[in-house]
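So the chains spell out like this:
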Amino acid sequence: MVDYKKEYEAVANKFAIEGEILEICPYGEGHINLTLLVTTDKKRYIMQKMNTRVFPDPDNLMRNICGVTEHLKARGIETLSVVPTKAGEPFLKEEECYRVYDFIENTVTYQTAGSLEVFRNSGKAFGEFQNYLAEFDASKLTETIKRFHDTPKRFADFKVALEADVCGRAKDCEKEIAFVLSHENTYGKVMEGLKDGSLPLRVTHNDTKLNNILMDAETGKARAVIDLDTVMPGSMLFDFGDSIRFGASTAAEDEKDLSKVHFDIDLFRAYAEGYCGAVKESITEKEAELLPYGSYLMTIECGMRFLADYLAGDTYFATKYSDHNLVRARTQIQLAGEMENRFEEMGKIIAEILA
Ligand code: ADP
Ligand code: GN1
Ligand code: MG
């Protein structure tokens, strides 16, 4: 067993933290960074070993985060607080890169929506986050992952992984591969809209899953949108769609029993009420029209990313067992399949909410 305190105490002590370190342990369910809870005799902190393979430019990434969090704080919005190193830097750059945030106390994160109320509140919070970012100068932001939600590019990457099949795993997921390949002509709409200007480019969060928001432990209301690594120019459809992908499911993202995994239209409605209520002044007609499609698109995109990572030997997402990425890909593909049959119903809900 890893002794986290022994391994990371010296790193944590290079930050301007208060008190003596009592304990360090892994925390949360993120797929990208190694997240540690650091408890001192005075306070708690989140320390993250940053994933520099996924985010190759940590200097500009942290510049983005400092810029965005200062922008939010100036408006009185609760957000992440970066704890600098003792040398006054926003992160520690050694062989590995680390950063520390104040632990935001009395909050919880959800791995499934659980209740309509929680999901509606998260929609409102991500919609409001979108509004706050509308006033942020996009030219100040570095694109931390190039072409992050360029689905046709994701599909091309998927085909490369399939062609290479380095682990000989393609034979174990023929059905899933067939689904992704057969839907090729559905992947282009948002990128095309951004290119021809019929969809506005906005500053977006881009990773709006429910566990990237801290909810108040007592009231269930949203306190802070976190995981700001991917804040960069994008489409509102990415943010809405990714939330639906993760939260409007009856089961967890990595549920093995697919009979438990379904797209839940009531959860969709609840999120849409919260989100659309917040962005109704700025959402364009075309964006509103594409919200159902955006939900499908982000779901199948994530499915093909999980499947590509499974084929490539699990080099991107953190996994806990050997076919974890395949299990995740299966839930996303099932959800995407259900969503594409319900565009009309979803469209009616959006129209009702925005009427
Ligand atoms: P990843 O990029 O790997 O997803 P996150 O930044 O989302 O990492 O952090 C992982 C989890 O840690 C979050 O889902 C949340 O539960 C928790 N977390 C992160 N930052 C904080 C914070 N400042 N206060 C409380 N919890 C946090
Ligand atoms: C990752 O970092 P985390 O766990 O919040 C991923 C998202 C995926 C998500 C799937 C930078 O999000 O794009 O949608 O996993 N983040 C990155 O759960 O790739
Ligand atoms: Mg996260």
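Further up the page is the structure itself.
I will try to describe carefully the structure that is included in this document. (Residues numbered from 1 in each chain as written. Chains lettered and ligands numbered in written order. Predicted model: local features only at pLDDT ≥ 70, side-chain atom pairs only at ≥ 80, totals over all residues. Heavy atoms only, no water.)

What follows covers the site of ligand 2. Lining the immediate surroundings of ligand 2 are 19 residues, of which His31, Lys209, Glu253, Arg305 and Tyr316 lie closest. One of the side-chain N or O atoms of Asp207 is found 3.1 Å from an oxygen atom in ligand 2. At 3.5 Å from an oxygen atom of ligand 2 is found a side-chain nitrogen or oxygen belonging to Arg245. Here ligand 2, which alone exposes 440 Å², has 98% of that area covered by the protein. Contributions of two or more residues to the shell around ligand 2 are made by helix H7 (236-247) and helix H9 (285-312). In terms of residues, the shell around ligand 2 owes the most to one element, H9, which gives three residues. Tallied by class, residues from the shell around ligand 2 come to eight nonpolar, four polar and seven charged. (Near = heavy atom within 4 Å. Polar contact = N/O pair within 3.5 Å; in protein donor to acceptor, adjacent residues only side chain to side chain. Areas by Shrake-Rupley, 256 points an atom, 1.4 Å probe, with all protein chains shown as cover. Helix = DSSP H or I, 4+ residues; strand = E, 2+ residues; numbered from the N terminus. Nonpolar A, V, L, I, M, F, W, Y, C, P; charged D, E, K, R; others polar.)

On to the nonpolar core, then. Membership of the largest hydrophobic core comes to 95 residues, with the highest contact counts inside it found for Phe158, Val180, Phe240, Ile244, Phe263, Ile300 and Leu307. The element contributing the most residues to this core is H9, with 15 residues. Excluding residues that lie within four positions of it along the chain, Leu307 makes contacts with Phe158, Cys173, Glu176, Ile177, Val180, Leu326, Ala329 and Ile333. In terms of nonpolar packing, the next biggest core, distinct from the first, is built from 15 residues, Val11, Leu36, Met47 and Leu92 among them. (Core = buried A, V, L, I, M, F, W, Y, C linked by side-chain atoms within 4.5 Å. Buried < 20%, exposed > 50% of the residue type's maximum accessible area, 1.4 Å probe, protein only. Contact = heavy atoms within 4.5 Å.)

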